[in-house]
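Spelled out from the first residue to the last, the chains are:
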Amino acid sequence: MDVLQLDVSGRPQAWITPREAALLYASDSVAWTVGRACKVLRGGFQRATGLQSRIDVHPIVAVRGCVPSRAWLQTPSLSNPKLFVRDRFLCAYCGQRFGFDTLTREHIVPTSRGGRDTWMNCITACKACNGRKGNRLAEEARMGLLYLPYVPSLHEDMILRGRRILADQMDFLLAGVPRSSRLHG
Ligand SMILES: [Zn+2]
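Residues numbered from 1 in each chain as written. Predicted model: local features only at pLDDT ≥ 70, side-chain atom pairs only at ≥ 80, totals over all residues. Heavy atoms only, no water.

1. Quick word on the coordination of the zinc ion
Right, on to step 1. On the protein side, the zinc ion has Cys91 (SG), Cys94 (SG), Cys126 (SG) and Cys129 (SG) as donor atoms, found 2.3 Å from it.
Right, on to step 2. One can describe the donor arrangement at the zinc ion as tetrahedral, given that its 4 donor atoms subtend angles of 100 to 121 degrees at the metal. (Donors = N, O, S within 2.8 Å, 3.2 Å for Na, K, Ca; no water. Tetrahedral: all angles 85-135°; square planar, octahedral: opposite > 155°, others 65-115°.)

Spelled out as structure tokens, the structure:
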């Protein structure tokens, strides 16, 4: 399992390992937690008491510290794995579902024609459709988009990056994802 790390304002920051979370607890850096403890880590025996130290790790931990005022305005970085999850592994042109190796990052306005490498100009397409469209605009190629691109929120970005997301974590993250997101679908 991974632990979802938030800043003290509740903004998702990272997926961390239970060991990394334990270090936060041990250094008194955890401000608050969400959900029931999901893992117990045991450390060394204390000489004085003979008791073994133990840390209960929660699925979501918020760390102390100040939050930059613009932190919530950050745009999540774009990567192929996240793009394909955003678009549910569906080709935007033919509508078929494909595996990771058959999909491509398709630029709606081709980069050769000034299109930018951003969430709003990128969509998932299979290799065949991407090749067919080539350097043309969708209108020129007479290939319509079956769904539209959008910029994921920070909460959604954490879902796109997660590997095995626990129910408590998914509930928390989905609550911060706009209703219009495909992740609700
Ligand atoms: Zn296709």
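2. Brief notes about the packing of aromatic side chains
Right, on to step 1. On inspection of all chains with the given rule, the structure shows 2 aromatic pairs.
Right, on to step 2. Relative to phenylalanine 100, the ring of phenylalanine 84 has its centre 5.3 Å away and its plane inclined at 65 degrees; by these criteria the two rings are edge-to-face. Residue phenylalanine 84 is found in helix α2 (residues 80-86), and its partner phenylalanine 100 is found in the loop between α2 and β7 (103-107); the two are separated by 16 residues along the sequence.
Right, on to step 3. Among the residues examined, phenylalanine 100 registers a relative accessible area of 41% and is labelled partly exposed. (Phe/Tyr/Trp six-rings, centres within 6.5 Å; stacked < 30°, edge-to-face > 60°. Helix = DSSP H or I, 4+ residues; strand = E, 2+ residues; numbered from the N terminus. Buried < 20%, exposed > 50% of the residue type's maximum accessible area, 1.4 Å probe, protein only.)

3. Section: the sheet that holds strand β6 (residues 60-63)
Right, on to step 1. The 4 strands lie next to each other as β2-β1-β6-β3, forming an open sheet whose pairing is mixed. Strand pairing shows two members of the sheet lacking a second neighbour, β2 (12-16) and β3 (30-34), which therefore form its edges. The mean angle between the axes of side-by-side strands here comes to 25 degrees, regardless of whether they run parallel or antiparallel.
Right, on to step 2. In this sheet, β2 lies alongside strand β1 (residues 3-7) in antiparallel orientation, the contact comprising 4 bridges. Opposite leucine 6, over in β2, you have proline 12 as the bridge partner.
Right, on to step 3. Relative to the sheet, helix α5 (residues 154-161) contacts β1 and β2, its axis offset from that of β2 by approximately 15 degrees.
Right, on to step 4. Relative to the sheet, helix α6 (residues 167-175) contacts β1, β2 and β6, its axis offset from that of β1 by approximately 35 degrees. (Pairing = 2+ DSSP bridges. Axes fitted to C-alpha atoms, helices over the stretch in contact; angles between N-to-C directions. Contact = heavy atoms within 4.5 Å.)

4. Here's the deal with unusual backbone geometry
Working note: non-glycine residues mostly have negative phi, and peptide bonds are mostly trans.
Right, on to step 1. One non-glycine residue, arginine 88, lies in positive phi territory at about 55 degrees.
Right, on to step 2. Within the secondary structure, arginine 88 is located in the loop between α2 and β7.
Right, on to step 3. Exposure remark for arginine 88: the relative accessible area of 30% places this residue in the partly exposed category.
Right, on to step 4. Of note, the phi angle at phenylalanine 89 is positive, near 60 degrees, even though the residue is not glycine.
Right, on to step 5. With respect to the element layout, phenylalanine 89 can be found in the loop between α2 and β7.

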